[in-house]
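Chain by chain, the residues run as shown.
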Amino acid sequence: MGAALQTGKLGDLVTFKTGKLDSNAAVSDGDYPFFTCSQETLRTNTFSFDTECVLLAGNNANGIFPLKYFKGKFDAYQRTYIVRPRDTNELTTKFLYYALRPKLAEFRSMSTGAATKFLTLTILNDTEIQLPPLPVQQRIAGILSTYDELIENSQRRIKVLESMARALYREWFVHFR
């Protein structure tokens, strides 16, 4: 029989930082991604971080906390957690992202607050994730990343096809061509 899969608490495995910016720091044509508690990634002209990390919203009115993976220069809202592994020989950042995705429902039920739901460090530090060996983490993250890219490509194609269908409809039924 195989060995039991190791687990670990986030507080022992990762570091948490938060951004410093207010949400009004967003600009429409900024040079860098700006991560807030919104599902949408905004833009800003500044960056405070240049790293590979997982970004997790720290508050949301509906308790739906956006979770994103990013590598590069960016800035973050003051209630957005920048989560990084303490030791990348024990936990890869990309695997961390995929390990946290199924935890979002748990975060929603454990969040505090009435009008706005908050994720506290106490909740996050005590959250446990499975911790397979590093080669297994890399393989899992690679497979899931490939599927995510396929999904993104399909969604882009759908948008293009919808746009083409609207244009064709206008030509045929609005402009009578």
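Above this text sits the structure in question.
Given the structure is predicted, the values throughout are model-derived calculations rather than measurements. (Residues numbered from 1 in each chain as written. Predicted model: local features only at pLDDT ≥ 70, side-chain atom pairs only at ≥ 80, totals over all residues. Heavy atoms only, no water.)

### Describing the pattern of salt bridges
Link 1 in the chain: This structure, assessed with the given rule, holds 2 salt bridges.
Link 2 in the chain: Taking the shortest distance from any N to any O, the salt bridge between Asp148 and Arg101 comes out at 3.0 Å. Of this pair, Asp148 sits in helix H5 (residues 134-174) while Arg101 sits in the loop between helix H2 (93-100) and helix H3 (104-110), and the two are 47 residues apart along the sequence.
Link 3 in the chain: Between Lys103 and Glu106 there is a salt bridge, with the nearest N and O atoms lying 3.6 Å from each other. (Salt bridge = Lys/Arg side-chain N within 4 Å of Asp/Glu carboxyl O. Helix = DSSP H or I, 4+ residues; strand = E, 2+ residues; numbered from the N terminus.)

### Let's talk about the packing of aromatic side chains
Think of a pair of aromatic rings as described by two things: how far the centres are apart, and how the planes are tilted against each other in angle.
Link 1 in the chain: According to the stated counting rule, one finds 10 aromatic pairs in the structure shown.
Link 2 in the chain: An angle of 55° between the planes, with centres 4.9 Å apart, marks the rings of Tyr32 and Phe47 as tilted. Linking Tyr32 in strand E3 (residues 32-35) with Phe47 in the loop between strand E4 (42-44) and strand E5 (49-57), this pair joins segments that are 15 residues apart in sequence.
Link 3 in the chain: Of the residues examined, Tyr32 reaches a relative accessible area of 21% and is grouped as partly exposed.
Link 4 in the chain: The ring of Tyr69 is capped by Lys94, whose NZ or CZ atom sits 4.0 Å from the centre of that ring. (Phe/Tyr/Trp six-rings, centres within 6.5 Å; stacked < 30°, edge-to-face > 60°. Buried < 20%, exposed > 50% of the residue type's maximum accessible area, 1.4 Å probe, protein only. Lys NZ or Arg CZ within 6 Å of the ring centre and 35° of its normal.)

### Some remarks on the sheet that holds E4
Link 1 in the chain: Read from one edge of the open sheet, 6 strands run E2-E8-E5-E7-E3-E4, paired in mixed fashion. Since the sheet does not close on itself, it has two edges, and those belong to strand E2 (14-18) and E4, each with one partner. Strand-to-strand twist of the sheet, defined as the mean angle between neighbouring strand axes without regard to direction, takes the value 50°.
Link 2 in the chain: Of the strand pairs in this sheet, E2 and strand E8 (residues 80-85) are connected by 5 bridges, and their pairing is antiparallel. Note that in E8 the partner of Phe16 across the bridge is Val83.
Link 3 in the chain: Across the face of the sheet, H2 comes into contact with E2, E5, strand E7 (67-76) and E8 while running at roughly 5° to E5. (Pairing = 2+ DSSP bridges. Axes fitted to C-alpha atoms, helices over the stretch in contact; angles between N-to-C directions. Contact = heavy atoms within 4.5 Å.)

### Section: the packing of H2 against H5
Link 1 in the chain: Look at H2 against H5: their axes get within 9 Å of each other, and the N-to-C directions meet at 70°. Put simply, H2 runs roughly perpendicular to H5. Of the two possible hands of crossing, H2 and H5 adopt the one that is left-handed. In this structure, H2 contributes Lys94, Phe95, Tyr97 and Tyr98 to the contact, and H5 contributes Gln137, Ile140, Ala141, Leu144, Ser145 and Asp148.
Link 2 in the chain: For the contact of H2 with H5, the per-class residue count stands at 6 nonpolar, 2 polar and 2 charged. (Parallel < 35°, antiparallel > 145°, perpendicular 65-115°, else oblique. Left-handed = near helix turned anticlockwise from the far one by under 90°. Nonpolar A, V, L, I, M, F, W, Y, C, P; charged D, E, K, R; others polar.)

### A few points about the side chain of Lys68
Link 1 in the chain: With respect to the helices and strands, Lys68 occurs in strand E7.
Link 2 in the chain: Buried and without a salt bridge, Lys68 has Glu40 as its closest oppositely charged side chain, separated by 8.4 Å.
Link 3 in the chain: From its side chain, Lys68 meets the backbone oxygen of Gln39 in a polar contact 2.8 Å long.
Link 4 in the chain: Among the polar contacts listed, one links the side chain of Lys68 to the side chain of Thr41, at a separation of 2.9 Å.
Link 5 in the chain: What Lys68 contacts, discounting residues up to four positions off in sequence, is Phe35, Ser38, Gln39, Glu40, Thr41, Cys53, Val54, Leu55 and Tyr97. (Lys, Arg positive; Asp, Glu negative; His and termini not counted. Polar contact = N/O pair within 3.5 Å; in protein donor to acceptor, adjacent residues only side chain to side chain.)

### A word on H2
Link 1 in the chain: With respect to burial, H2 is a largely interior element, 7 of its 8 residues being buried.
Link 2 in the chain: Taken together, the buried positions of H2 are Thr93, Phe95, Leu96, Tyr97, Tyr98, Ala99 and Leu100.

### Remarks on the environment of Gln155
Link 1 in the chain: With respect to the element layout, Gln155 can be found in helix H5.
Link 2 in the chain: Gln155 sits 119 residues away from Thr36 along the chain, and the two C-alpha atoms are 23 Å apart.

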